[in-house]
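These are the residues of each chain, in order.
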Amino acid sequence: MRNVKNAVWKWAALCLTAAVLSGCAGEDGNKTEMSSDGAAEGLQSGGTENGGDQDGSASLGIGGQSGGQRDSEALAGDGAGSGALGDNRGAGDGAASADSEALDGDGPEGSEGAAGDAAGEGAAGAQSGRLTGFGEGTDPNRKEMTDAYVSILEDIYFDQIFPDGEEYGYQPGENYDITANSFAVFDIDFDGEDELIVTYSTTYMAGMRELIYAYDSVSKSVRKEISCFPSMIYYDNGVVREDASHNHGMASDRDFWPYSLYQYDREKDAYVLTAGVDAWSRSWQEEDYEGNPFPEEVDKDGDGLVYYTIAGESNERSGFMDQETYDQWLDSVLEGAGEVKVPYVKLTTDNIYAIE
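Treat the numbers as computed from the prediction; the structure is a model and nothing was measured.

Q: Quick question: what am I supposed to make of the overall build of the protein chain here?
A: What the protein chain contains, in helices and strands, is seven helices and twelve strands. In the protein chain, buried positions account for 50% of the 356 residues. Counting only contacts in the protein chain whose residues sit at least 6 apart along the sequence, the fraction spanning at least 24 positions is 65%. Surface accessibility of the protein chain: about 16400 Å² in total, with carbon and sulfur atoms responsible for 47%.

Shown next, in the form of structure tokens:
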């Protein structure tokens, strides 16, 4: 019964988006000609046949396991509000940053950065009404992959359920709902295959997430590459910076925010935590939590601020660094890498069913 319900809702959503995009029929019964941007083509991908998990890939919820009552009014409002797919620029309106600021003032000042700014850039990879990443055409199993991603997004959109049954809560605000979240289908780790990046912020602070899912064509399933607070910066050498959700460190009175660094591991096809970065401001406190005095001998520039790292697995604190040494260390990690702008779009049914 659930599969039938899913199929009906998907059919309704597709009909609605097709009506919005193509316009009404003329008096002679012929439909108004669609624009040459091929917006209608973007609806061809559809999604998974709900309940069609014939490949045994249920380990992470593939196969359209969306359940629960789905509100037709929300669906209709979504289709009308998200507009034509042919122009997705500005569609992602900084869901993570806006919601983070609205829900909890403790969020990082830079949390508007990775997800919000990139969403504001719009869908750089959206062409002819289709949402695609840079890896289109490189995977012969792309249809399976996009069906899996559509199924994941359906579950998030309708039921706020993530792969493997994970739930992060849902707290829609007075001026925003599920469509304030965003996603992208994009080859973020440069392995030649598109990943699904989901930014989810319509929940309490601790539940906010940015997640990357990758499709495995061998096992016909998806796996999670990383799950972080949605304040992330991606670099083109595989490094990811995640600003902390709160600043409870020893430098909260200075212009510094704690963050973590991850490195993409090609063999694991996942991101590995390499270091946490924090600082100590002398004006904040003269002693650390263990009673050790501020390392004045390290503070060579005399600005009263030193930095330190925390090893990814051992959680051990490194020696302290002054500004110059810290800058050199960070340069050695980034290796001159540039930031990657992710083509986020809003989490709407129009955009979900435009994935190809």
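What follows picks up the thread again.
Q: Help me out: how do you make sense of the pattern of salt bridges in this one?
A: Pairs can form between side chains of opposite charge whenever their charged atoms are close. Counting across every chain of the model gives ten salt bridges. Between D147 and K143 there is a salt bridge, with the nearest N and O atoms lying 2.9 Å from each other. With D147 and K143 both in helix α5 (residues 142–159), this residue pair falls four residues apart, about one helical turn. For K143, a relative accessible area of 48% gives the class partly exposed. Three or more residues joined by partner-sharing salt bridges are found here, namely D216, R223 and D269.

Q: Could you clarify how one ought to interpret the pairing of strand β11 (residues 305–311) in this entry?
A: Look at any regular strand and the pattern is simple: side chains alternate between the two faces of the sheet. The buried count for β11 comes to five of seven residues, which makes it a mostly enclosed element. Across seven bridges, strand β10 (residues 270–281) lies against β11 in antiparallel orientation. Bridge pairing in β11 places G276 opposite I310.

Q: What's the story with the sheet that holds β10 in this structure? I'm lost.
A: Hydrogen bonding along the main chain pairs the strands of a sheet, whether they run parallel or antiparallel. With antiparallel pairing, the five strands of this open sheet are ordered in space as β7-β8-β9-β10-β11. Both edges of this open sheet fall to β7 (232–234) and β11, since each of them pairs with a single strand only. In this sheet, neighbouring strand axes are inclined to one another by 20° on average, regardless of whether the strands run parallel or antiparallel. Packing of helix α6 (residues 323–334) onto the sheet brings it into contact with β8 (239–243), β9 (259–265), β10 and β11, and relative to β9 it is tilted by some 25°.

Q: I keep staring at the sheet that holds strand β5 (residues 209–216) and nothing clicks. Help me out?
A: A sheet is described by the order of its strands in space; here five strands give the open sequence β6-β5-β4-β3-β12, paired in antiparallel fashion. With partners counted over all chains shown, the strands left at the sheet margins are β6 (221–228) and β12 (345–346), one partner each. With two bridges joining them, strand β3 (residues 182–186) and β12 adopt antiparallel strand pairing. In the strand pairing of β12, F183 is matched with V345. Sitting on the sheet, α5 is in contact with β3, β4 (195–200), β5 and β6, with an inclination near 10° to β4.

Q: Even after reading the chapter, I still don't get the side chain of E210, so can you show me in this structure?
A: The residue E210 is located in strand β5 in this model. Here E210 occupies a buried position and makes no salt bridge, while the nearest side chain of opposite charge, R209, is found at 11 Å. In this structure the side chain of E210 is engaged in a polar contact, spanning 2.6 Å, whose partner is the side chain of Y344.

Q: I'm lost on unusual backbone geometry in this one. Help?
A: Trans is the common state for peptide bonds, and a negative phi is the common state for residues other than glycine. The backbone of Q160 shows a phi angle near 55°, a positive value even though the residue is not glycine. Mapped onto the elements of the fold, Q160 is located in the loop between α5 and β3. A positive phi is found at K220, a non-glycine position, where the angle reads about 55°. Along the chain, K220 falls in the loop between β5 and β6. What makes K220 buried here is its relative accessible area of 18%.

Q: Is there a simple way to explain a negative patch on the surface in this structure?
A: On the surface, a cluster of negative charge is made up of D301, E324, D327 and D331. Structurally, D331 can be placed in helix α6. By relative accessible area, which is 52% here, D331 ends up exposed.

Q: Sorry if this is basic, but what is going on with the pairing of β6 here?
A: Pairing of β5 with β6, which is carried by seven bridges, proceeds in the antiparallel orientation. Residue D216 lies in a different strand from β6, and its bridge partner there is S221. Counting the residues in the hairpin turn of β5 and β6 gives four residues, including K220, whose phi is positive at 55°.

Q: Is there a simple way to explain α5 in this structure?
A: For an α-helix, 3.6 residues make a turn, and residues three or four places apart therefore share a direction. Taking 1.5 Å of rise per residue, the 18 residues of α5 would be expected to cover 26 Å, and the 25 Å separating its terminal C-alpha atoms lies within 8% of that figure. Here α5 lies mainly inside the structure; 16 of its 18 residues are buried. Two residues or fewer after α5 comes Q160, characterised by a positive phi angle close to 55°.

Q: Can you walk me through the nonpolar core in this structure?
A: In a soluble, globular protein the nonpolar side chains are often hidden away together inside. Counting residues in each nonpolar core, the largest one holds 26 residues, and the members touching the most others are Y149, L153, F162, F183, L196, L347 and I352. Of all the secondary structure elements, the ones that give two or more residues to this core are α5, β3, β4 and β5. Ranked by residue count, the leading element in this core is α5, at nine residues. Dropping the residues within four chain positions of it, I352 is found in contact with V150, L153, E154, Y157, F183 and L347. If you look at the next biggest cluster of nonpolar residues, it comprises 16 residues, including I188, I212, V240 and Y344.

Cut-offs and rules
Residues numbered from 1 in each chain as written. Predicted model: local features only at pLDDT ≥ 70, side-chain atom pairs only at ≥ 80, totals over all residues. Heavy atoms only, no water. Helix = DSSP H or I, 4+ residues; strand = E, 2+ residues; numbered from the N terminus. Buried < 20%, exposed > 50% of the residue type's maximum accessible area, 1.4 Å probe, protein only. Contact = heavy atoms within 4.5 Å. Areas by Shrake-Rupley, 256 points an atom, 1.4 Å probe, with all protein chains shown as cover. Salt bridge = Lys/Arg side-chain N within 4 Å of Asp/Glu carboxyl O. Pairing = 2+ DSSP bridges. Axes fitted to C-alpha atoms, helices over the stretch in contact; angles between N-to-C directions. Lys, Arg positive; Asp, Glu negative; His and termini not counted. Polar contact = N/O pair within 3.5 Å; in protein donor to acceptor, adjacent residues only side chain to side chain. Patch = residues over 30% accessible without salt bridge, like charges linked within 9 Å, V, L, I, M, F, W, Y side chains within 5 Å. Charge placed at Lys NZ, Arg CZ, Asp CG, Glu CD. Expected span 1.5 Å × (residues − 1). Core = buried A, V, L, I, M, F, W, Y, C linked by side-chain atoms within 4.5 Å.

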